[in-house]
Amino acid sequence: MGSQTKEIVTLQLGHYSNFVGCHWWNLQEASFIYDAKEKHKKEIDNDVLFREGANLLGEITYTPRLISVDLKGSLNTLKKEGVLYTLPGEEENINWQNDITLHKSEQFVKNEFLRDLEKEEAYYHEPESIDEDDEDKEMKVEGPAEKSQVFGPKSLYNLDDDIKVWSDFLKIHLHPKTLNIVENFTHESEFSPFDVYNYGLSVYKDRGFHNQLEDRIHVFVEECDHLQGFQIMSDVHNGFGGITGSLLEEICDQYERPIFTIGAMPTVYGDTTAVQDNCRMINTMLSYISMVEQSSIMLPLSCAMNQWRKPSNYLQSPNLQYNANLSYHTSAVLAACLDTATLPLRSDTNCLDLYDLSHVLAFSGRKVANLQATFPFSLSPGEGLIDKLLRLGDNPLWYSLTPCSGSATGDVASQSVVLRGITNIKTSMTQNLPTSLKNCKSADEVLQIYLQDLYPATNSMVNAYNTACKTSKPYPHIFHPNLKTDGLIHDNFPRPINQGVDSVPVLTSLQSNSSTADMLSSLRDEVKRINIHKFAHIFLETHIDLDEYNEVIEKLENLITNYSSSEVM
C-alpha cells in the first residue's frame with residue numbers, strides 16, 4: 001500500500017520572502033524526476049507542495065499550491081494571472097465597444113535567462129517556430145534525442161546585475177490564483193513606503209483584499225484530500241508583518257492544522273536613517289509576537305548574524321562566496337537550507353509531518369526554532385562521511401541562519417537533522433575509530449551516533465537522503481572555485497570560470513535551543529531604547545494604543561523567560 005500524500009498550502013508575503021520563495025520553487029522543480037528509468041530513485045513526494053490541473057486547452061498543468069502577496073510594481077515581466085490558463089492570442093482579440101484612452105505602462109525587458117526559457121517553452125509546443133540559425137540556440141544534438149537535449153538554455157548565466165525583482169528568475173509557472181497584489185502601495189516607493197506594521201493591518205481590513213485572499217486560500221485548501229497544514233513565509237521588518245499577523249489569526253480560527261511560519265529578513269537594508277531603523281525594530285517585535293502566538297513553529301531566518309540595527313556580520317562558509325548586498329544571493333542560501341531542513345515533510349515515505357515536527361521542536365510554549373546549517377557540506381577527494389565528521393574536531397558542525405543566535409551545542413533541547421547528497425560513509429581511518437561507527441551501514445546511522453556524542457542530552461531526529469540540492473540555472477554562482485560541478489571539493493584544479501555547480505550536499509538542523517533567549521533579549525533591548533512616543537503618529541494612532549504596545553513588550557519578556565529557564569524538556 002502506497003504512502004498517503006499530506007498536502008501543504010504555502011503562503012509568501014513580502015518582496016524578500018518572495019525572493020526566498022522563488023528560489024525555493026525553482027529548487028522544487030529541479031528535483032522533479034521525468035525519466036521513467038530513474039523513478040526508483042525518487043525520494044520526494046512533489047504532490048505535497050504541487051497540484052495537478054488542466055488549462056483551457058485540456059493540457060495537464062503542475063503548479064505550486066501557493067498564495068503570494070506583494071506590492072504593485074513588484075512583478076516586472078510576470079503577468080499577475082500567469083500564462084497557463086489563457087488561450088493563444090486571447091489578449092489581442094479583445095473587442096473594445098467604446099472610445100478608449102490607452103495608457104502605456106513601463107516596459108520591462110526580459111533578461112537572458114527568461115528569454116531562453118521562453119524560447120525553450122516555444123520549442124516544446126511549436127518546434128517549427130524556432131529558427132535553426134538563431135545564434136542564441138545551442139548546437140543541435142545529432143541523432144535521436146529528447147527535446148531537452150535538442151534545445152535548452154545554456155547552464156551558466158551571470159544574472160547578478162539583471163535581477164531587480166524576484167520574478168526575474170522564476171522558472172516555474174504559477175496558478176492564476178497565486179499572485180495577490182497590494183494596490184495601495186508601490187514597490188520601492190520613496191514617497192509612500194510600505195514600511196510600518198500597522199499599514200499591513202489596514203490593508204488586511206480592506207474588504208476587497210481580505211475577501212480575495214480568503215477565497216484563494218479556500219480554493220487551495222478544498223482541493224486537498226489530506227491537508228497537512230500551512231507553511232507561511234513573511235517579511236517581518238515592514239508592513240507585511242501586519243498582514244501576516246491578521247492572516248494567521250484567521251487561519252487559526254478556520255483551520256485546525258499546524259502552521260509553520262518563517263520570518264524572513266534581508267541581510268542588508270541599504271542606507272537607512274535612525275528613524276527607519278527604529279521603525280524596523282518595532283515592526284519586527286510586533287511581527288514576532290503575532291507569529292509566535294498564532295503558529296505551531298516560528299522560525300526567524302536571515303544571513304545577517306547581527307540583524308537589528310546595521311548588520312555587519314554575515315554568514316561565512318569556506319566554500320561559499322556570495323554578495324550580502326544582493327537579495328538574489330542571500331535568498332538563494334536561505335532557500336537551499338530551508339528546502340533541505342523541510343525535506344522530511346515531503347519525503348516519499350512520509351516519515352514526518354508538520355504535526356510531528358511541532359511536537360519535536362515546540363513544547364512548553366517554546367515555539368521559536370533555530371536553523372543551523374552547513375551549506376555546502378562538501379567532502380574532500382576520497383573522504384567519506386565518517387572522515388568528515390571526525391576531522392571537524394573542535395570546529396563547529398554548522399552555523400546559525402537565525403539572527404543574533406550562535407551555533408549552540410550543549411543547550412539544544414531537541415532537533416530535526418537532515419543530511420542530503422552524501423552516499424559515501426567509508427573511512428580511511430584505522431586507529432582511534434569508535435567501535436560504534438565501524439558497523440554503520442548508512443549515512444543516517446553515522447550521523448545519529450555522532451550527534452549522540454555531541455549532544456548527549458538532546459532528542460535528535462535524523463534523516464538522510466541521497467538526493468543532493470540542485471543548484472543549476474538560474475541559481476546564482478556563489479560557490480568557491482574549488483568545488484566541482486557535483487559540489488565536492490576539487491583535488492587539483494579550480495572549476496572552469498564558465499562552468500557552474502549543478503548540485504551540492506547540505507546539512508541542516510532545525511533546533512529548539514536556549515540561544516533563542518539571546519536573540520529575543522537583544523531584540524527587546526533594542527526596542528526598549530526607542531521612545532515610542534516619537535512614533536505615536538505611526539503606531540499609536542492606528543490600530544495599536546500604548547497599552548497594547550506595552551503588552552507586546554511584556555509578552556516578549558515572558559517568552560525570553562521561558563527560554564531562559566533551566567528546564568529544557
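Residues numbered from 1 in each chain as written. Predicted model: local features only at pLDDT ≥ 70, side-chain atom pairs only at ≥ 80, totals over all residues. Heavy atoms only, no water.

K.L.:
Could you clarify how one ought to interpret the packing of aromatic side chains in this entry?
P.N.:
The full count for this structure, using the stated rule, is 15 aromatic pairs. With 5.0 Å between their ring centres and 80° between their planes, Phe 194 and Phe 240 make a pair best called edge-to-face. With Phe 194 in the loop between strand S5 (179-186) and helix H4 (197-205) and Phe 240 in helix H6 (residues 240-254), the pair connects residues that are 46 residues apart, well separated along the chain. Given the relative accessible area of 6%, Phe 194 is considered buried. Residue class for Phe 240 comes out buried when judged on its relative accessible area of 2%. Through successive ring pairs, a cluster of aromatic residues spans Trp 24, Trp 25, Phe 32, Phe 50 and Tyr 62. Over the ring of Tyr 269 we find Arg 280, and its NZ or CZ is 3.8 Å from the ring centre. Residue placement shows Arg 366 over the ring face of Tyr 563; its charged tip is 5.7 Å from the ring centre. (Phe/Tyr/Trp six-rings, centres within 6.5 Å; stacked < 30°, edge-to-face > 60°. Helix = DSSP H or I, 4+ residues; strand = E, 2+ residues; numbered from the N terminus. Buried < 20%, exposed > 50% of the residue type's maximum accessible area, 1.4 Å probe, protein only. Lys NZ or Arg CZ within 6 Å of the ring centre and 35° of its normal.)

K.L.:
Sorry, what's going on with helix H12 (residues 443-454) here?
P.N.:
Given 3.6 residues to a turn, an α-helix orients residues that are three or four positions apart in the same direction. An ideal rise of 1.5 Å per residue puts 16 Å on 12 residues; H12 measures up with 16 Å between its terminal C-alpha atoms. Of all the positions in H12, only Ala 443, Val 446, Leu 447, Tyr 450 and Leu 451 are classed as buried. Take H12 and look down its axis: the buried residues cluster within an arc of 125°, on one side only. Tucked inside the fold, the buried residues of H12 contact helix H10 (385-391), strand S11 (412-420), helix H11 (435-438), strand S12 (459-465) and strand S15 (506-513). (Expected span 1.5 Å × (residues − 1). Arc of directions from axis to C-beta. Contact = heavy atoms within 4.5 Å.)

K.L.:
I'm lost on the confidence of the model for the protein in this one. Help?
P.N.:
Atomic detail in the predicted coordinates should be set aside for any region of low pLDDT. The share of residues in the protein with pLDDT of 70 or more is 84%, and the mean pLDDT across the chain is 84. Considering only residues more than four positions removed or in separate chains, one finds that residues 90-104, a stretch of pLDDT under 50, has 2 contacts. The low-confidence segment residues 134-153 (pLDDT under 50) makes 30 contacts with residues lying over four places distant or belonging to another chain. (pLDDT = per-residue confidence, 0-100.)

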